[in-house]
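Secondary and tertiary structure notes
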Amino acid sequence: MKLHAFVHAHLPPVPARVLEVGCGRGDLARALARAGHRVVAIDPDAPAGDLFRATTLEDFGDPEPFDAVVASLALHHVADLPGAVDKIVSLLRPAGRLILNEHAVDRLDEPTARWYLEKRAQIRPGAPRSLEHCLHEWAGDHAELHGYTAMRPELDRRFTERFFAWMPYLYGELAGAVTEPEEQALIDAGAIQATGFRYVGERQLTQSA
């Protein structure tokens, strides 16, 4: 399921008040607004327009609570993960929803890395092909990012899971060498690990704003 369809499927009915964290170019925010939702989208480099505010989650504030917060490939980048999740809780109404599309950077095991190297060689023939080098490079490139094992406990402390699925991710880095369905088939067969996930949680009523 494409990202837009996934988010639409898990949002409250129109016209929900929705905050998108890390909106990038704003494509998802505009699509949600066209569907009738009341959208605020934030990013330090947010585009111009009424929907957008150029700010970080840490600095963002709004007096009216949101029915849902959407974040795609944003949460693993934040410096203070517990603080960021607490901030999301504070912005949601009671039982409001958090909808995540995320990268599980800590799930590149050796079989997945071997497959990744093989596919990467098709689009980058000169790239190093050593498994040890690949794993070392991956660890270095993702050292400052939060993995699934860091994100999941923070979510569980504040939200009740309503949906979870492991998802393909590496096809996006291997464009031209592999498709999303091909990666999904290997995940389903247990040949490689999924390095993406989607999550929907409902704010626990015990969490104060």
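Residues numbered from 1 in each chain as written. Predicted model: local features only at pLDDT ≥ 70, side-chain atom pairs only at ≥ 80, totals over all residues. Heavy atoms only, no water.

**Details of unusual backbone geometry**
Looking along the chain, the bond that leaves Val14 and enters Pro15 is cis, with omega of 5°. Here Pro15 is to be found in the loop between α1 (3-10) and β1 (17-21). Positive phi outside glycine occurs at Leu73, with the angle close to 55°. Counting through the fold element by element, Leu73 comes out in the loop between β4 (66-72) and α3 (81-91). A positive phi angle, close to 65°, is found at Ala95, a residue other than glycine. In this fold, Ala95 is placed in strand β5 (residues 92-103). (Helix = DSSP H or I, 4+ residues; strand = E, 2+ residues; numbered from the N terminus.)

**A few points about the pattern of salt bridges**
Throughout the structure, instances matching the rule amount to 16 salt bridges. Taking the shortest distance from any N to any O, the salt bridge between Arg158 and Asp86 comes out at 2.6 Å. Separated by 72 residues along the polypeptide, Arg158 in helix α6 (residues 148-158) and Asp86 in helix α3 bring together distant segments of the chain. Of the residues examined, Asp86 reaches a relative accessible area of 37% and is grouped as partly exposed. (Salt bridge = Lys/Arg side-chain N within 4 Å of Asp/Glu carboxyl O. Buried < 20%, exposed > 50% of the residue type's maximum accessible area, 1.4 Å probe, protein only.)

**Structural notes on the nonpolar core**
By size, the foremost hydrophobic cluster in this structure holds 27 residues, and its most contacted members are Leu19, Leu75, Ile88 and Phe159. For this core, the elements supplying multiple residues, two or more each, are β1, β2 (38-43), β4, α3, β5, α6 and β7 (196-203). Ignoring anything within four residues of it in the chain, the contact list for Phe159 reads Val85, Ile88, Val89, Leu92, Leu98, Tyr199, Gly201, Glu202, Arg203 and Gln204. With 17 residues, the next largest nonpolar core counts Leu32, Ala41, Ala46 and Ile99 among its residues. (Core = buried A, V, L, I, M, F, W, Y, C linked by side-chain atoms within 4.5 Å. Contact = heavy atoms within 4.5 Å.)

**Section: the sheet that holds β4**
Spatial strand order, β3-β2-β1-β4-β5-β7-β6: 7 strands in an open sheet with mixed pairing. Both outer strands of the open sheet, β3 (52-54) and β6 (159-167), are each paired with one neighbouring strand and no more. The average angle at which neighbouring strand axes cross in this sheet is 15°, direction not considered. As judged from the 6 bridges shared by β4 and β5, these two strands associate in the parallel manner. For Ser72, the partnering residue across the bridge sits in β5 and is Asn101. Taken strand by strand, α3 contacts β1, β4, β5, β6 and β7, and its axis lies near 140° from that of β5. (Pairing = 2+ DSSP bridges. Axes fitted to C-alpha atoms, helices over the stretch in contact; angles between N-to-C directions.)

**Describing the packing of helix α4 (residues 110-123) against helix α5 (residues 131-141)**
Contact geometry for α4 and α5: axes closest at 10 Å, N-to-C directions at 100°. Put simply, α4 runs roughly perpendicular to α5. Contacts from Glu110, Ala113, Arg114, Tyr116, Leu117 and Arg120 of α4 reach α5 at Leu131, Cys134, Leu135, Glu137 and Trp138. Of the residues that constitute the contact of α4 with α5, the class distribution is 7 nonpolar, no polar and 4 charged. (Parallel < 35°, antiparallel > 145°, perpendicular 65-115°, else oblique. Nonpolar A, V, L, I, M, F, W, Y, C, P; charged D, E, K, R; others polar.)

**Some words on the packing of aromatic side chains**
Scanning all chains against the criterion turns up 9 aromatic pairs. Geometrically, the ring pair formed by Tyr116 and Trp138 is edge-to-face, given 6.0 Å between the ring centres and 80° between the ring planes. Note that Tyr116 is positioned in helix α4 and Trp138 in helix α5, a separation of 22 residues in sequence. For Trp138, a relative accessible area of 8% gives the class buried. Between Tyr148 and Phe197, the aromatic rings sit 5.0 Å apart at their centres with planes inclined by 80°, giving edge-to-face as the arrangement. Residue Tyr148 is found in helix α6, and its partner Phe197 is found in strand β7; the two are separated by 49 residues along the sequence. For Tyr148, a relative accessible area of 16% corresponds to the buried category. Accessibility expressed as a relative area gives 1% for Phe197, which makes it buried. Sitting over the face of the ring of Phe66, Arg17 holds its NZ or CZ atom 4.1 Å from the ring centroid. (Phe/Tyr/Trp six-rings, centres within 6.5 Å; stacked < 30°, edge-to-face > 60°. Lys NZ or Arg CZ within 6 Å of the ring centre and 35° of its normal.)

**A few points about the layout of surface pockets**
Its volume calculated, the largest pocket comes out at about 330 Å³. As for the largest pocket, its lining consists of 18 residues, of which Thr56, Leu57, Glu58, Val78 and Ala84 are closest to the centre. Elements supplying a minimum of two residues to the lining of the largest pocket: β2 and α3. Take the lining of the largest pocket: its biggest share by element is 3 residues, from α3. What the second largest pocket holds in volume is close to 260 Å³. If you go around the second largest pocket, you meet 16 residues; those closest to its centre are Leu3, Asn101, Pro168, Tyr171 and Arg198. Elements that contribute at least two residues to the lining of the second largest pocket include exactly β5 and β7. (1 Å grid on protein atoms, 1.4 Å probe; cavity = no way out; pocket = protein on both sides within 12 Å on 5 of 7 lines; lining within 4 Å. Points joined across faces, edges and corners; volume = space filled by probe spheres on them.)

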